Amino acid sequence: MSAPDGLFEMLAMASHLFWLVPLLPLLSAALIAILLLLRRGAGDAGEPLTAAIAGTAALTALLLLLVFDLLAIAGALPAHPEFGEWLRIGAVAVRLSFVADAYSLPAATLVTLIAWIAIRFSATYLHREAAFPRFFLGMSLFLAGILLIVLAGNAVLTFVGWELAGFSSWLLIAYAWERPVATGNALFVFLCNRIGDAGFMLGIALATWSVGSLEWAGLVGDGGLAQVTARLLAFGFVLAALVKSAQLPFTPWIARALEGPTPSSAIFYGSLMVHAGVYLLCRLQGLLVQVPDLLALLAVVGLATAVYGGLCALVQSDVKSALVFSTVTQVGLMVGCCGLGLFWLAACHAGLHAAWRAYQFLLAPAYMHLASQPAPPVPRWLAGQRWGYTAALQRFWIEPLANSLLTRPTLALGRDVRALDERFIDPIVGAPRDDERPGTGDAADELIRGHGLAGHALFNFANRMQRLESALLLSGDGAMEKSLQRAAHYADAIESLLEQPRYLMLMVMATFVVIL
């Protein structure tokens with residue numbers, strides 16, 4: 001056997017390690033988190049180690065992808081690598097499956113290359129930042145999520161990456177958590193993207209019920225789906241794609257996302273995550289061509305978003321805002337191409353635009369030093385149109401409209417549900433009213449008593465637990481009491497952590513994954 005043949009066989013055996021590509025950045029995030037807990041990743045002394053962990057994981061994943069690219073060119077890489085069954089949804093099996101085709105491999109290679117460059121850039125850009133390790137933790141989580149989106153072979157595994165990328169995005173938008181604007185914008189972006197997540201989950205549920213398969217190859221099918229089923233199934237994934245790619249009417253979230261550091265803006269909203277919706281549409285082209293009315297909707301929405309982003313970009317006064325609205329314009333053109341059935345053109349456009357926009361965003365901090373003249377003025381044709389100029393400045397009032405149509409009704413619904421809970425549900429289960437709680441109203445000095453059958457049962461159970469607790473505490477030499485107090489202290493500490501919004505969001509994500 002010749003040396004080249006032996007080397008080729010060794011590379012072919014490496015195809016069994018395909019699952020390592022998204023796992024490596026996830027492991028680096030876990031290692032950085034452990035260092036944070038051990039207080040060894042902070043300060044100037046810990047920065048090189050933290051950056052090295054994130055950079056090494058990204059570079060190793062990139063080298064593995066280059067090997068897989070060569071194997072795919074040689075025809076030695078399976079198109080759908082599988083590594084066993086993960087879980088079941090009813091009778092539908094969800095496998096740890098991946099896809100290695102002309103869409104996924106180039107996209108994954110480009111994604112990893114841009115992320116590695118951004119990580120290297122960030123090691124210097126964020127030097128001596130207090131939250132240096134937290135930033136690289138978020139970047140590693142994002143890289144794991146976006147690689148799952150690109151490489152996953154089924155909808156559930158893609159959804160895990162979808163949520164992981166969204167969570168890391170929220171984490172880095174709120175990077176400067178001490179600033180109310182940053183945390184408020186992070187929450188706004190997180191909630192807006194939950195609309196897309198609902199559409200994605202709708203698609204998964206309909207695929208489980210109507211198709212009986214969650215593999216992308218099974219969903220695109222051969223055109224055998226009923227028209228209504230195909231339309232509903234495609235609509236869920238299209239909604240997810242439109243939200244993630246900041247298409248109208250969901251565009252306002254992307255401008256708020258600029259609160260994060262420039263490197264995260266570069267890979268999230270300039271080059272990578274904003275193209276995730278376009279990639280999903282390209283992945284589902286076999287399903288979308290069965291629903292011509294949804295394709296027409298994509299064409300209209302993409303064109304409208306391109307016009308909207310172009311007009312808003314013309315009146316921006318800072319570099320990052322101008323770049324992000326230019327990105328909205330380009331992504332709108334990609335979605336429009338998908339609506340016209342030109343999925344190959346949209347994919348090529350997305351790859352070229354991702355590389356160019358990453359360069360522009362990473363160069364944004366130096367623009368004021370490199371520019372020899374002020375920013376160009378607003379075009380005369382737009383400046384002369386009073387109403388058009390005002391509308392572009394106000395970004396066409398889409399965000400206030402969304403607040404009126406979505407935020408206020410949601411808050412009103414929350415108040416109504418709380419009133420229903422206090423006036424109807426609490427009396428049934430025996431919970432005390434506000435004026436009966438200790439420290440409030442005329443009944444401040446009264447003991448809490450149960451009301452109703454459920455209330456009396458709970459009150460009796462509480463009395464028995466109180467007697468048991470007293471017996472334990474009053475017996476022995478106090479060792480039991482000290483142990484219980486120590487356990488209570490630990491429980492309080494864990495509870496205070498779980499009450500933090502970031503841990504609540506993590507629990508929500510974990511619940512979604514477990515349910516699916």
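Quick caveat: nothing in here was measured; it's all calculated off a predicted structure.

Enquirer: Hey, could you run me through the overall build of the protein in this one?
Expert: Looking only at helices and strands, one finds 23 helices and two strands in the protein. Put simply, 74% of the contacts in the protein that link residues at least 6 apart link residues at least 24 apart. For the protein, the exposed surface amounts to about 26300 Å²; the carbon and sulfur share of it is 67%.

Enquirer: So what exactly am I meant to see when it comes to the environment of Pro25 here?
Expert: Structurally, Pro25 can be placed in helix α2 (residues 20–37). With 30 residues separating them in the primary sequence, Pro25 and Gly55 have C-alpha atoms 9.0 Å apart. Dropping the residues within four chain positions of it, Pro25 is found in contact with Ala57, Ser140, Leu143, Ala144 and Leu147.

Enquirer: How should I be thinking about the packing of aromatic side chains in this particular structure?
Expert: Any two aromatic rings considered together are summarised by their centre-to-centre distance and by the angle between their planes. If you walk through the whole model with that rule in mind, you get 15 aromatic pairs. Taking 4.6 Å as the distance between ring centres and 40° as the angle between the ring planes, the aromatic pair formed by Phe132 and Phe136 counts as tilted. Separated by four residues within a single helix, Phe132 and Phe136 lie in helix α5 (residues 132–151), roughly one turn from each other. Residues Phe132 and Phe136 agree in their burial class; the two are buried. On the basis of an interplanar angle of 70° and a centroid distance of 6.3 Å, the ring pair of Tyr308 and Phe325 is categorised as edge-to-face.

Enquirer: What am I meant to see in the confidence of the model for the protein here?
Expert: Detailed conclusions should not be drawn from predicted coordinates in areas where pLDDT is low. Across the protein, pLDDT averages 78, with 68% of residues at or above 70. Looking over the protein, one finds the lowest element-wise mean pLDDT in helix α23 (residues 501–515), namely 49, and the highest in helix α12 (residues 276–283), namely 93. Below a pLDDT of 50 lies the segment residues 438–451, which in the model reaches 26 contacts outside its immediate sequence neighbourhood of four places, other chains included.

Enquirer: Explain the nonpolar core here, please?
Expert: The nonpolar side chains of a soluble globular protein tend to be buried, and buried together. Counting residues in each nonpolar core, the largest one holds 135 residues, and the members touching the most others are Phe200, Phe237, Trp253, Tyr269 and Leu288. Those residues in contact with Phe200, other than ones at most four positions away along the chain, are Ala155, Thr158, Phe159, Trp162, Trp216, Gly236, Phe237, Ala240 and Leu280.

Enquirer: Would you take a moment to explain the pattern of salt bridges for this structure?
Expert: Think of it this way: side chains of opposite charge can pair up when their charged atoms draw near. Using the criterion set out here, one finds six salt bridges in the structure. Among the salt bridges present, the one from Glu82 reaches Arg95, with a minimum N-O distance of 2.7 Å. Placement of the pair is Glu82 in strand β1 (residues 82–89) and Arg95 in strand β2 (residues 92–97), with a sequence separation of 13 residues. On the basis of relative accessibility, which here comes to 40%, the residue Glu82 falls in the partly exposed class. For Arg95, a relative accessible area of 29% translates into the label partly exposed. A salt bridge links Glu85 to Arg88; the nearest nitrogen and oxygen atoms lie 3.0 Å apart. Residue Glu85 is classed as partly exposed on the basis of its relative accessible area of 41%. Where salt bridges share partners, they join Glu163, Arg194 and Asp197 into one cluster.

Enquirer: I would appreciate a short explanation of the environment of Ala29 in the present structure.
Expert: Its location among the elements puts Ala29 in helix α2. When its relative accessible area of 3% is taken as the criterion, Ala29 is described as buried. Separated by 112 residues in the primary sequence, Ala29 and Leu141 place their C-alpha atoms 6.0 Å from one another. Those residues in contact with Ala29 that sit more than four places away from it in its chain are Leu137, Ser140 and Leu141.

Enquirer: Explanation requested: the pairing of β2 in the structure shown.
Expert: Each regular strand displays side chains that alternate between the two surfaces of the sheet. Inspection of the sheet shows β1 paired to β2 by five bridges, in the antiparallel sense. Counterpart to Ile89 in the pairing with β2 is Val92. Between β1 and β2, which pair antiparallel one after the other, the connecting turn spans two residues, and Gly90 there sits at a positive phi close to 65°.

Enquirer: For this particular structure, what's the right way to read a nonpolar patch on the surface?
Expert: A contiguous nonpolar surface patch, about 420 Å² in accessible area, is contributed by Leu340, Leu342, Trp344 and Leu345. When you line up the elements, Leu342 lands in the loop between α15 (319–339) and α16 (343–363).

Enquirer: Can you help me understand the packing of α15 against α16 in this one?
Expert: A packed helix pair is summarised by two numbers, namely the angle formed by the two axes and the spacing between the axes. Across the interface, α15 lies against α16 with an axial gap of 8 Å and an inter-helix angle of 170°. With respect to their mutual orientation, α15 and α16 come out roughly antiparallel. Each of Lys320, Leu323, Val324, Ser326, Thr327, Gln330, Leu333, Met334, Cys337 and Cys338 in α15 lies in contact with α16, whose residues at this interface are Phe343, Leu345, Ala346, His349, Ala350, His353, Arg357, Gln360 and Phe361. For the contact of α15 with α16, a count of residues per class yields 11 nonpolar, six polar and two charged.

Basis of the calculations
Residues numbered from 1 in each chain as written. Predicted model: local features only at pLDDT ≥ 70, side-chain atom pairs only at ≥ 80, totals over all residues. Heavy atoms only, no water. Helix = DSSP H or I, 4+ residues; strand = E, 2+ residues; numbered from the N terminus. Contact = heavy atoms within 4.5 Å. Areas by Shrake-Rupley, 256 points an atom, 1.4 Å probe, with all protein chains shown as cover. Phe/Tyr/Trp six-rings, centres within 6.5 Å; stacked < 30°, edge-to-face > 60°. Buried < 20%, exposed > 50% of the residue type's maximum accessible area, 1.4 Å probe, protein only. pLDDT = per-residue confidence, 0-100. Core = buried A, V, L, I, M, F, W, Y, C linked by side-chain atoms within 4.5 Å. Salt bridge = Lys/Arg side-chain N within 4 Å of Asp/Glu carboxyl O. Pairing = 2+ DSSP bridges. Patch = residues over 30% accessible without salt bridge, like charges linked within 9 Å, V, L, I, M, F, W, Y side chains within 5 Å. Axes fitted to C-alpha atoms, helices over the stretch in contact; angles between N-to-C directions. Parallel < 35°, antiparallel > 145°, perpendicular 65-115°, else oblique. Nonpolar A, V, L, I, M, F, W, Y, C, P; charged D, E, K, R; others polar.

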